[in-house]
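# Breakdown of the fold
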Amino acid sequence: MDKIDAKILTAIQKDCRIPIATLADEVGLSPSACHRRVKILETGGQIAGYVARLDPKALGYSIEIFMEITLTSQSEEAFDKFETAVKATPEISECYFMAGQADYLLRIVAKNVADYERIHRSALSRLPGVAHMQSNFTLRTVRPWRGYPVGDNL
């Protein structure tokens, strides 16, 4: 990967719908050369896919919760059962297997406190093998996700 690839990846993270001609102008390539580079980045796995970034507030989600989960067992079977259940729970936006005090970190969005209570009762409390849950409510998002730093070491 070179500096032009880094510029392409940075621009695509900001707007994945950017037209190839505009992207080519931004990175200093012809449209055909730029298109070729994008295809190489897709094939190489640097571009894993394209998604729309939705506004949670516009969708009615007013609270965001980060939940730390500790399991009762550290066995592979316990991890597998928990992860299978998490993948089948649409209310969980993200899940990370962690090193440290907690085994997992979940990200959950809810419309309000009553909705979070519903999610907690109907989904989170039913996750298998849970020994401890710690909920942390966000007060305000200071810096939302905007992509990975690309090309800093080129």
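For clarity, every value in this text was computed on a predicted model and none was experimentally measured.

With that settled, the discussion passes to the packing of aromatic side chains. As enumerated under the stated definition, the model contains six aromatic pairs in all. Ring geometry for Phe97 and Tyr104: centres 5.2 Å apart, planes at 45°, overall tilted. The interplanar angle of 80° and the centroid separation of 4.8 Å between the aromatic rings of Trp145 and Tyr148 together place this pair among those described as edge-to-face. With respect to burial, Trp145 and Tyr148 carry one shared label: exposed. One aromatic cluster is present, built from ring pairs that chain together Phe79, Phe82, Phe97 and Tyr104. Residue placement shows Lys111 over the ring face of Tyr61; its charged tip is 4.7 Å from the ring centre.

Before going further, it helps to spend a moment on the nonpolar core. The biggest cluster of nonpolar side chains holds 17 residues, and the ones touching the most others in it are Leu106 and Leu124. Looking at this core, the elements with two or more residues in it are strand S1 (63-71), helix H4 (76-87), strand S3 (104-110) and helix H5 (113-122). With five residues, the single largest contributor to this core is S1. Leaving out residues up to four positions away in the same chain, Leu124 has contacts with Met67, Ile92, Leu106, Ile108, Tyr116, Ile119 and Met133.

Calculation rules
Residues numbered from 1 in each chain as written. Predicted model: local features only at pLDDT ≥ 70, side-chain atom pairs only at ≥ 80, totals over all residues. Heavy atoms only, no water. Phe/Tyr/Trp six-rings, centres within 6.5 Å; stacked < 30°, edge-to-face > 60°. Buried < 20%, exposed > 50% of the residue type's maximum accessible area, 1.4 Å probe, protein only. Lys NZ or Arg CZ within 6 Å of the ring centre and 35° of its normal. Core = buried A, V, L, I, M, F, W, Y, C linked by side-chain atoms within 4.5 Å. Helix = DSSP H or I, 4+ residues; strand = E, 2+ residues; numbered from the N terminus. Contact = heavy atoms within 4.5 Å.

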